[in-house]
Amino acid sequence: MQARPDRCRRCFLSVTESLAAGLFLLLAAGCHRPLTMPDLGNLYDRAAQHPYPDRNPVIVIPGILGSRLVHEPDGQIVWGAFTPAAVDPRRADEARKLALPMRLDATLAELTDETRHDGALDRIEIEYAKIPLKLDAYANILGTLGAGGYRDSALGHAGAIDYGTDHYSCFQFAYDWRRDNVENAGRLKTFIEEKRVEVQGKHAERFGGQPGDYDVRFDIVAHSMGGLITRYMLRYGDAEPPEVFPDGTVAEPVVTWAGAEFVDQAILVGTPNAGSVASLRQLYQGAEFAPLFPSYPAALLGTMPSVYQLLPRGRHGAVLDAADEQGRRKPVDPLDISFWQQRQWGLADPKQDRVLQMLLPDADNPTERRIIALDHLSKSLARAKAFQTALDAPAKLPPGLNLYLFAGDAESTEAIVETDRDAGTLVPIQYVPGDGTVPRSSAVLDERTGSADADPWSPRLRTPIDWTHIMFLHDDHLGLTMSTTFSDNVLFLLLEKPNRSKPASD
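Cut-offs and rules
Residues numbered from 1 in each chain as written. Predicted model: local features only at pLDDT ≥ 70, side-chain atom pairs only at ≥ 80, totals over all residues. Heavy atoms only, no water. Helix = DSSP H or I, 4+ residues; strand = E, 2+ residues; numbered from the N terminus. Expected span 1.5 Å × (residues − 1). Polar contact = N/O pair within 3.5 Å; in protein donor to acceptor, adjacent residues only side chain to side chain. pLDDT = per-residue confidence, 0-100. Contact = heavy atoms within 4.5 Å. Salt bridge = Lys/Arg side-chain N within 4 Å of Asp/Glu carboxyl O. Buried < 20%, exposed > 50% of the residue type's maximum accessible area, 1.4 Å probe, protein only. Pairing = 2+ DSSP bridges. Axes fitted to C-alpha atoms, helices over the stretch in contact; angles between N-to-C directions.

(A) Geometry of helix H13 (residues 366-392). When the terminal C-alpha atoms of H13 are compared, their 38 Å separation across 27 residues agrees well with the 39 Å that a helix rising 1.5 Å per residue should span. Measuring from the side-chain oxygen of the N-cap residue of H13 to the backbone nitrogen of Thr367 gives 3.1 Å; that N-cap residue is Asn365.

See the structure below:
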């Protein structure tokens, strides 16, 4: 396999690339004949104006980095703006506002702090050379839903987007993306149950009868890691994942579909269902999310359980050990703690002690800090293994639930890397079609990946996910949400596909 020359490093929300792409489009606009775009209003206005309760309300779920985080005691923006007022990860007191706490005598769920989510990031604010800029993030999804007559309960009331007055039908599920995805799946289940009662009450006020007369069900549109949270919630509700035994094996999960009762359609966009090597890069080398702004060190990102849950599966051979004398490379499992300890990466890197000093001010010496860090690493990896095992269990969709995927397959995407032990780096080995962050094979959870030596290759997709339908787009990870093709097809699914949300008396 031949490695492609290294490109700029990608982050989960590629701020730099999106700004560059926007500039390119402006410059190129006068040089090319514009593409013919569908008239979404003409296509869907009539369906959008049709009164409830004949269609479902929608829940929008962003991916990692897609919810604003604020430190409650002082109101400082922890994530959501690259401005002088935002958190500076180089300062100890501010780095602790973004990092999750680490402690020996606590589970991941018990490691809480005073930073809270504060709504989905419809736009990211960037101040560069004292010039304020705004980068659309999930405003594109919300704008698409606005074209379909869905009124967002947050942006609509704030006046950020004009959805009209007829519909109270769209909700943002913002969440603390640093935390365990199982926790956030449980919160999503509670959120759906609460919003169901709210919408039932609105229907009763508008159409008469009692709230209980209305069998309200939801459609979900989830981007990136939000799709993983959605899939776990649908499969297990708020239940714990299977147990991880001391020898590293995991109990067999039992898919109950405990969270599917009030959901008709789940639409996933750019979801890394089999993980992404981009998360591995973030965890061992840190990340830069905006030009000329401070980088986020590996040990800080390593406190976040969700990032480990985005790692690629060991069975797919996405991470290879350095070649031996015969040029052979052995696949390694990035969820094995020995992988991190042997390479001294992330929280296992002694050179990260400078960062650990900021994050663990009560620890007296490097030895104590390292013990705490390795304990946190072990807990996070075990939780990731349980989470991934739960998601990968084969299961047929229950009656009434549909699962759709929109994935990119036109961007060259890093898929297989080799670990260089001497240099302490990841060397790209293979690039494949994807969205620049998530390979196509990961989005569909293609089990043919990495199995050429074990099983005969099949032209038919082998995946444990019971997809209702898959559509591929020619856009990058965040650009998927800006695609007119995406907008057109999502509005068709939401507005013109029959659903079950109707008065029980009908």
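(B) A look at the confidence of the model for the protein. In this model, the protein carries an average pLDDT of 83, and 78% of its residues clear a pLDDT of 70 or more. Counted against residues more than four places away or in other chains, residues 1-32, with its pLDDT under 50, gives 48 contacts. The low-confidence segment residues 152-167 (pLDDT under 50) makes 38 contacts with residues lying over four places distant or belonging to another chain.

(C) Focus on the pattern of salt bridges. Evaluated as defined, the whole model comprises 27 salt bridges. We note a salt bridge from Glu183 to Arg179, for which the minimum N-O separation is 2.9 Å. On the basis of relative accessibility, which here comes to 15%, the residue Glu183 falls in the buried class. In this structure, Glu447 and Arg315 form a salt bridge, with 2.7 Å as the shortest nitrogen-oxygen distance. Residue Glu447 is located in the loop between helix H14 (440-444) and strand S15 (469-473), and its partner Arg315 is located in the loop between helix H10 (305-308) and strand S11 (319-320); the two are separated by 132 residues in the primary sequence. Here the salt bridges share partners, and the residues they tie into one network are Arg313, Arg315, Asp392 and Glu447.

(D) Here's a closer look at the sheet that holds strand S10 (residues 263-269). Strand order across the open sheet formed by six strands is S8-S1-S9-S10-S12-S15, with parallel pairing between neighbours. Of all strands in the sheet, those bounded by a partner on one side alone are strand S8 (170-172) and S15. Going from strand to strand, the sheet's axes swing by 15 degrees on average, the running direction of each strand aside. Across five bridges, strand S12 (residues 402-408) lies against S15 in parallel orientation. Opposite Phe406, over in S15, you have Met471 as the bridge partner. Together, strand S1 (58-61), S8, strand S9 (218-223) and S10 form the strand contacts of helix H6 (residues 181-207), whose direction differs from that of S8 by roughly 150 degrees. Helix H7 (residues 225-236) rests against S1, S9 and S10 of the sheet, and its axis sits at about 140 degrees to S9.

(E) Highlighting unusual backbone geometry. Within the chain, Ser224 stands out as a residue other than glycine whose phi angle is a positive 55 degrees. Notably, Leu445 is not glycine yet its phi reads approximately 55 degrees, a positive angle. Mapped onto the secondary structure, Leu445 falls in the loop between H14 and S15. Looking at Leu445, the relative accessible area reads 0%, which means it is buried.

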